[in-house]
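One-letter residues, chain by chain:
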Amino acid sequence: MALYAAVMTGKGVGAIATVQVFGEAAQGVLGQIFQPKGGRAAEFEKGKILLGAIVDGEKTIDQVTIGCEGSDTFAIHCHGNPLIVEMIMELLGTCGVELIDAEELLKKTLIAQKHLNTIAIEAKLAQLNAKTLAGTKIIANQTEGGLSAIVSEWLRDGEAMSSDRIAAEAEQILKNSQVAKLTIAGCTIILAGPPNSGKSTLLNRLAGQQKAIVTDIEGTTRDWVSAECKIGPLAVTLIDTAGLDEELAAVSDSEADKAAQKRAMQILSEAELVLLILDGSRPAGKIDKTLLHNLAGKKVLTVLNKSDLPQKLDIGKLPEPPGDTVQISAESGAGIENLKEAILQIASVTEIDAKTPIAFTPRQEALLKQLTTAKSNRQARQIISELLNGSLGV
């Protein structure tokens with residue numbers, strides 16, 4: 001087994017930082033750089049906490065404690081000064097330890113735990129990136145219940161179950177996964193529309209803080225601005241694009257304008273949900289054709305903004321039917337709750353029981369899709385075995 005180390009605490013200054021060392025040779029390396037208090041030889045026994053110093057030759061780097069978490073897993077707890085942490089990591093590197101990030105080290109330590117199946121390992125890793133508490137609970141329940149439980153059942157009782165039944169259950173898991181995915185990973189919502197339609201004001205309203213510069217000058221936002229917020233159970237990343245106006249960019253001499261337009265279109269192409277913001281206080285103008293083309297096939301909610309002003313926009317004169325519409329005033333906050341409800345509805349966010357089996361990694365989704373088309377019980381059993389105990393790679 002190779003030897004690895006990672007900083008397990010967040011970046012920046014803190015009271016305490018933790019460096020974890022993992023591998024069969026960990027005791028030997030720590031014996032070289034750790035000087036126990038009292039001068040006695042260190043006894044790296046599981047469950048012990050050792051007090052002493054990390055030393056580089058004659059130089060003391062820091063007073064530390066070392067937690068002996070296992071025969072090959074140790075946690076060095078040092079002062080949280082980033083310079084001290086960096087010096088300890090560099091010292092470990094000179095001793096032949098491979099320096100990796102915290103998530104990769106966690107992955108390696110979990111894989112070394114032979115009692116965990118692959119789905120359980122993936123669940124423990126995926127919890128690190130869940131956007132909501134509800135999402136974390138859903139993933140946590142896949143470790144011993146949920147997906148892990150039903151796949152174990154398939155493997156145990158597969159000979160007595162028809163491949164058609166297993167395929168149908170796999171198909172239902174994939175459907176449940178799409179429902180759960182937004183709760184777990186969140187949703188990116190793009191605010192698009194003509195310049196000065198109120199996108200920045202709406203982002204600030206939804207985010208509850210001033211993130212975008214808001215003025216009466218058209219096209220003030222020349223690049224994209226993002227903000228995190230929650231809408232009901234949904235974790236949302238809001239992205240306010242530059243005013244999408246291809247004709248303006250075409251005649252503009254500003255490279256910034258042209259670059260902003262290009263970047264806005266790129267972000268729009270990656271959107272999960274688009275709020276098309278239109279100024280209800282202006283007559284229906286010419287909405288950019290490129291913008292409309294990029295909205296094709298996407299989930300779009302048309303937001304008629306500035307309801308606090310006299311309304312002049314005739315929806316019937318828009319170049320294409322706007323679909324679902326919500327009228328709001330981003331400035332005053334009128335209609336914002338209706339907008340939030342419409343977002344949840346169009347995003348198809350549904351509450352899901354945390355114990356429901358779901359797929360939460362691309363590997364799982366790919367194998368479940370294979371299972372839905374398995375031609376025989378033997379083929380299905382091979383896929384099920386790979387799903388439960390397949391290799392993650394390290």
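Here the structure is shown first, and the text comes after it.
Criteria and cut-off values
In this numbering scheme, every chain counts its residues from 1 along its sequence in written order. The predicted nature of this model means local features are confined to residues of pLDDT at least 70 and side-chain atom pairs, given and counted, to a pLDDT of 80 or more, with totals for whole chains, interfaces and linings taken over all residues. Computation of side-chain values: all heavy atoms of the structure, hydrogens and water removed. Each helix is a run of DSSP H or I of at least 4 residues and each strand a run of E of at least 2, with the numbering of both proceeding from the N terminus. Residues are treated as being in contact if the distance between any of their heavy atoms lies within 4.5 Å. In plain words, nonpolar cores are sets of buried Ala, Val, Leu, Ile, Met, Phe, Trp, Tyr and Cys residues tied together by side-chain atoms within 4.5 Å. Each residue is assigned to one of three classes by its accessible area relative to the maximum for its type, calculated with a 1.4 Å probe on protein chains only: buried under 20%, partly exposed between the two thresholds, exposed over 50%. Here a polar contact means two N or O atoms within 3.5 Å. Within protein one must be a hydrogen donor candidate and the other an acceptor candidate, and residues neighboring in sequence count only if both atoms are side-chain atoms. Only when DSSP finds a minimum of two bridges between them are two strands counted as paired. Convention adopted: a line fitted to C-alpha atoms gives each axis, helices being fitted over their contacting stretch, and angles between N-to-C directions are expressed from 0 to 180 degrees. Salt bridges are counted wherever a side-chain nitrogen of Lys or Arg sits within 4 Å of a carboxyl oxygen of Asp or Glu. To sort the angles, those under 35 degrees are grouped as roughly parallel, those over 145 as roughly antiparallel, those from 65 to 115 as roughly perpendicular, and the leftovers as oblique. Each residue receives one of three labels: charged for Asp, Glu, Lys and Arg, nonpolar for Ala, Val, Leu, Ile, Met, Phe, Trp, Tyr, Cys and Pro, and polar for the others, Gly being one of them. Take the far helix as the reference: if the near one is turned anticlockwise from it by less than a right angle, the crossing is left-handed, and if turned clockwise, right-handed. Centre distance within 6.5 Å is the pairing criterion for rings of Phe, Tyr and Trp, where only the six-membered ring of Trp is used; planes under 30 degrees apart are then read as stacked, over 60 as edge-to-face, and the remainder as tilted.

(A) Just the side chain of T109, in detail. You can see T109 is positioned in helix 3 (residues 102–111). Not counting residues within four places of it along the chain, the set of residues in contact with T109 comprises Q20 and F22.

(B) Examining the nonpolar core more closely. Ranked by size, the top nonpolar core spans 30 residues in total, and within it V151, W154, L368 and L371 carry the most contacts. For this core, the elements supplying multiple residues, two or more each, are helix 4 (118–126), helix 5 (133–140), helix 6 (146–157), helix 7 (163–185), helix 13 (362–372) and helix 14 (377–389). Ranked by residues supplied to this core, first place goes to helix 7 with six residues. Excluding residues that lie within four positions of it along the chain, W154 makes contacts with M161, I166, E169, A170, I173, L368, L371, R381, I384 and L387. Formed by 29 residues, the second largest nonpolar core is a distinct cluster that contains L234, L275, I343 and I346.

(C) Representation of the side chain of S177 within the structure. Within the secondary structure, S177 sits in helix 7. Contacts of S177, omitting those with residues within four sequence positions, involve I358 and A359.

(D) How the structure looks around the environment of Q311. Along the chain, Q311 falls in the loop between strand 12 (300–305) and strand 13 (325–327). Q311 sits 29 residues away from R282 along the chain, and the two C-alpha atoms are 7.1 Å apart. Filtering out sequence-adjacent residues up to four positions away, Q311 remains in contact with G280, S281, N305, K306 and Q327. At a separation of 2.7 Å, a polar atom in the side chain of Q311 contacts the main-chain carbonyl oxygen of L309.

(E) Representation of the sheet that holds strand 4 (residues 49–56). The strand order across the open sheet built from seven strands is 3-4-5-6-2-1-7, with neighbouring strands paired in mixed fashion. Edge positions in the open sheet fall to strand 3 (34–36) and strand 7 (98–99), since each of these has one partner strand only. Note: strand 1 (residues 4–7) against strand 7, two bridges, orientation parallel. Bridging from a neighbouring strand, A5 pairs with L99 of strand 7. Against the sheet, helix 3 touches strand 1 and strand 2 (16–22), its axis set at about 135° to strand 1.

(F) Just the pattern of salt bridges, in detail. Evaluation of the coordinates by the stated rule reveals nine salt bridges. We note a salt bridge from K48 to E43, for which the minimum N-O separation is 2.7 Å. Using a relative accessible area of 43% as the deciding quantity, one classes E43 as partly exposed. Residue D279 is joined to K306 by a salt bridge in which the shortest nitrogen-to-oxygen separation is 3.2 Å. Here K306 lies in the loop between strand 12 and strand 13 and D279 lies in strand 11 (residues 273–279), a separation of 27 residues in the sequence.

(G) Geometry of the packing of helix 13 against helix 14. Following both chains from N to C, one finds helix 13 and helix 14 inclined at 170°, their axes separated by 9 Å at the closest point. Classified by the interaxial angle, the pair formed by helix 13 and helix 14 is roughly antiparallel. Touching R363, Q364, L367, L368, Q370 and L371 of helix 13 are A380, I383, I384, E386 and L387, all from helix 14. Its residues placed into classes, the contact of helix 13 with helix 14 shows seven nonpolar, two polar and two charged.

(H) The packing of helix 5 against helix 7, seen in detail. One can describe the packing of helix 5 onto helix 7 by two numbers: an axis separation of 7 Å at closest approach and a directional angle of 125°. Judged by the angle between their axes, helix 5 and helix 7 are oblique. Handedness of the helix 5/helix 7 crossing: left-handed. Along its contact with helix 5, which presents A134, G135, I138 and I139, the element helix 7 presents A180, T183 and I184. Class assignment of the residues belonging to the contact of helix 5 with helix 7 gives a composition of five nonpolar, two polar and no charged.

(I) Fine view of the packing of aromatic side chains. Counted by the stated rule, this structure contains two aromatic pairs. Taking the centre distance of 6.3 Å and the plane angle of 55° together, the rings of F34 and F44 count as tilted. Of this pair, F34 sits in strand 3 while F44 is found in the loop between strand 3 and strand 4, placing the two residues 10 residues apart along the sequence. A relative accessible area of 5% means that F34 is categorised as buried. Using a relative accessible area of 11% as the deciding quantity, one classes F44 as buried. Taken together through their ring pairs, the aromatic side chains of F34, F44 and F74 make up a single cluster.

(J) Up close: the sheet that holds strand 11. The strand order across the open sheet formed by six strands is 9-10-8-11-12-13, and the pairing between neighbours is mixed. Unpaired on one side and paired on the other, strand 9 (225–231) and strand 13 mark the two borders of the sheet. Shown here is a sheet whose adjacent strand axes are inclined to one another by a mean of 25°, direction ignored. Where strand 8 (residues 187–192) and strand 10 (residues 234–240) come together, five bridges link them in parallel fashion.

(K) Representation of the environment of G12 within the structure. Along the chain, G12 falls in the loop between strand 1 and strand 2. For G12, a relative accessible area of 44% puts it in the partly exposed group. Each C-alpha atom, one on G12 and one on L83, is 9.9 Å from the other, the two residues being 71 residues apart in sequence. Excluding residues that lie within four positions of it along the chain, G12 makes contacts with G80 and P82.

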